[in-house]
Amino acid sequence: MPELPEVETIARFLREGAGNGLAGLPGSRIESCQVLWPRTIASPAPDEFIRRIAGQRVEAVSRRGKFLVIPLSTDTLLIHLRMSGDLRVESGAEPIRKHDRMILNFADNRRLAFNDTRKFGRAWLTADPQEELGNLGPEPLDPGLTTQRFHAMLTTHGRQLKPLLMDQTFLAGLGNIYTDEALYLARLHPLRQAGQLTMKEAARLLDAIRSVLTEGIRRNGASIDWVYRGGDFQNHFKVYGRTGEACPECGTPIQRLVVGQRGTHICPKCQPIR
DNA sequence: AGGGAAACCCGAACGC
DNA sequence: TGCGTTCGGGTTTCCC
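Student: Could you clarify how one ought to interpret the confidence of the model for chain A in this entry?
Tutor: Reading predicted coordinates in detail is not appropriate for stretches of low pLDDT. Averaged over chain A, the pLDDT score is 87; the fraction of residues at 70 or greater is 86%. When the elements of chain A are averaged for pLDDT, helix α1 (residues 10-14) gives the smallest value, 55, and strand β1 (residues 30-35) the largest, 97. Within the model, pLDDT remains below 50 along residues 1-8, and this stretch shows 29 contacts once partners closer than five positions in the same chain are excluded.

Student: Got a minute to help me understand unusual backbone geometry in this structure?
Tutor: Apart from glycine, the bulk of residues carry a negative phi angle, and the bulk of peptide bonds sit in the trans form. Across the junction of Ser 43 and Pro 44, the peptide omega takes the value -5 degrees, indicating a cis bond. The residue Lys 119 is not glycine, and still its phi comes out positive at about 60 degrees. Along the chain, Lys 119 turns up in the loop between β8 (110-116) and β9 (122-126). A positive phi is found at Gln 261, a non-glycine position, where the angle reads about 65 degrees. Along the polypeptide, Gln 261 turns up in the loop between β10 (255-259) and β11 (262-266).

Student: Just checking my understanding: could you explain the nonpolar core for this structure?
Tutor: Here is a general trend for soluble globular proteins: nonpolar side chains tend to be buried in one another's company. With 28 residues, the main nonpolar core has Phe 150, Leu 154, Leu 161, Leu 165, Phe 170, Leu 205 and Ile 209 as its most contacted residues. Looking at this core, the elements with two or more residues in it are α4 (147-155), α5 (161-166), α6 (176-185) and α7 (199-218). When residues no more than four places from it in sequence are discounted, the contact partners of Leu 165 are Phe 150, Phe 170, Leu 171, Leu 174, Thr 179, Leu 183, Leu 205 and Ile 209. If you look at the next biggest cluster of nonpolar residues, it comprises 23 residues, including Ile 30, Ile 53, Leu 68 and Phe 106.

Student: Sorry, what's going on with the packing of aromatic side chains here?
Tutor: Any pair of aromatic rings gets described here by the distance separating the centres and the angle formed by the planes. Under the definition given, this model contains three aromatic pairs. On the numbers, 5.4 Å between centres and 55 degrees between planes, the contact of Phe 67 with Trp 124 is tilted. Of this pair, Phe 67 sits in strand β4 (residues 67-71) while Trp 124 sits in strand β9, placing them 57 residues apart in sequence. Judged on exposure class, the residue Phe 67 and its partner Trp 124 are both buried. Sitting over the ring of Trp 37, Lys 119 keeps its end group 3.5 Å from the ring centre.

Student: Looking at this structure, how should I read the protein's contact with DNA strand B?
Tutor: Residues in close proximity to DNA strand B total 13 residues, the closest being Arg 39, Thr 117, Arg 118, Lys 119 and Gln 261. One of the side-chain N or O atoms of Lys 119 is found 2.7 Å from a phosphate oxygen in DNA strand B.

Student: Would you explain the sheet that holds strand β2 (residues 41-43) in this entry?
Tutor: Spatial ordering of the open sheet is given by β2-β9-β5-β4-β3, a layout of five strands whose pairing is mixed. The sheet is open, and its two edges are formed by β2 and β3 (62-64), each paired on a single side. Looking at each pair of strands side by side, their axes are set apart by 30 degrees on average, direction ignored. As paired strands, β4 and strand β5 (residues 76-80) are joined by five bridges and run antiparallel to one another. Considered in β5, the bridge of Pro 71 is made with Thr 76. Packed onto the sheet, helix α2 (residues 46-53) meets β2, β5 and β9 and runs at close to 60 degrees relative to β9.

Student: I'm lost on α4 in this one. Help?
Tutor: Think of an α-helix as 3.6 residues a turn; residues three or four steps apart then line up on the same face. Listing the buried residues of α4 in full gives Phe 150, His 151, Met 153 and Leu 154. Around the axis of α4, the buried residues are gathered within 160 degrees of arc, so they sit on the same side. The elements touched by buried residues of α4 are α5 and α7.

Student: How do you make sense of the protein's contact with DNA strand C when you look at a structure like this?
Tutor: Neighbouring DNA strand C are 13 residues, the closest being His 80, Met 83, Arg 118, Tyr 240 and Arg 256. Of everything in DNA strand C that lies within 4 Å of the protein, sugar and phosphate atoms constitute 65%. Arg 118 is positioned with one of its side-chain polar atoms (N or O) 2.8 Å from a base nitrogen of DNA strand C. Contacts to DNA strand C include Arg 256, whose side-chain N or O atom sits 2.4 Å from a phosphate oxygen. Its residues assigned to classes, the surface near DNA strand C comprises three nonpolar, five polar and five charged.

Student: I tried to follow α6 on my own but got confused; where do I start?
Tutor: Within α6, nine of the ten residues are buried, which leaves it mostly tucked inside the rest of the structure. Turning to α6, its buried residues number three or more, namely Asn 176, Ile 177, Tyr 178, Thr 179, Asp 180, Glu 181, Ala 182, Leu 183 and Tyr 184. Of the surrounding secondary structure, the elements contacted by the buried residues of α6 are α5, α7 and β11. Two residues or fewer past α6, Arg 187 is found with a positive phi of approximately 60 degrees.

Reading the values: rules and limits
- Residues numbered from 1 in each chain as written.
- Chains lettered and ligands numbered in written order.
- Predicted model: local features only at pLDDT ≥ 70, side-chain atom pairs only at ≥ 80, totals over all residues.
- Heavy atoms only, no water.
- pLDDT = per-residue confidence, 0-100.
- Helix = DSSP H or I, 4+ residues; strand = E, 2+ residues; numbered from the N terminus.
- Contact = heavy atoms within 4.5 Å.
- Core = buried A, V, L, I, M, F, W, Y, C linked by side-chain atoms within 4.5 Å.
- Buried < 20%, exposed > 50% of the residue type's maximum accessible area, 1.4 Å probe, protein only.
- Phe/Tyr/Trp six-rings, centres within 6.5 Å; stacked < 30°, edge-to-face > 60°.
- Lys NZ or Arg CZ within 6 Å of the ring centre and 35° of its normal.
- Near = heavy atom within 4 Å.
- Polar contact = N/O pair within 3.5 Å; in protein donor to acceptor, adjacent residues only side chain to side chain.
- Pairing = 2+ DSSP bridges.
- Axes fitted to C-alpha atoms, helices over the stretch in contact; angles between N-to-C directions.
- Arc of directions from axis to C-beta.
- Nonpolar A, V, L, I, M, F, W, Y, C, P; charged D, E, K, R; others polar.

Set out below in structure tokens:
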């Protein structure tokens, strides 16, 4: 269904057999919308969102970066799950659940529920999705992103490697966990200056990013804390959340540092700063 | 331009 | 046992 390759936990929502039924939405007509936590609606204002989305039909379900992209008859619905967001497609007869923030009721009596414990998730209804998506960097799994191009992107920035990789306008889709795992796989220190990576290191990094994302997708994403259902990638992290445990490669205790205000996990021996 | 801090949130985990 | 505090995930915004 999705044209683009899939990235991390979003992939779970788009895959056949993932069990949440998003793939079955195209063709359904939205009859009404309930907003239970107004701040979930990023734009337009909740009352206009509710008025405008009613009557529109779902044309497709896809993804760009960490956004779910749902083209409707006239507008496009964008959903970002942020930290704790989750989606359910179910019968309208099911009970509303704790932490449900926004509900779409379909004419066929199904419902799409946007559940989000921590209230960070957002939804947009827009005639021009490029307003939100236009600034995103390339897709890491896009074959068109060559080593040469990636290296060229890196060298135009004098920035710490990890914050750059997590910058969605640089590359779309990497979060804290996958970045730590990818840097470990590539044996690169998160504080390295992006601009000084060699072509060889850039190649290693791109390979590592793709391999980490692919494994995350294969495992249906990572369930951090108690937040997500499904995926089991969290049981296969090499460094993330393993402070003090032995590096799988060399046995050195995994170190935790803070980079760009984010908890960062490295093997100090495998990922030397220079 | 890049980096740091704060804000938005909740519930788990921790300290006493 | 129970309470208060800390933490952290993604992103935006503001400030230096």
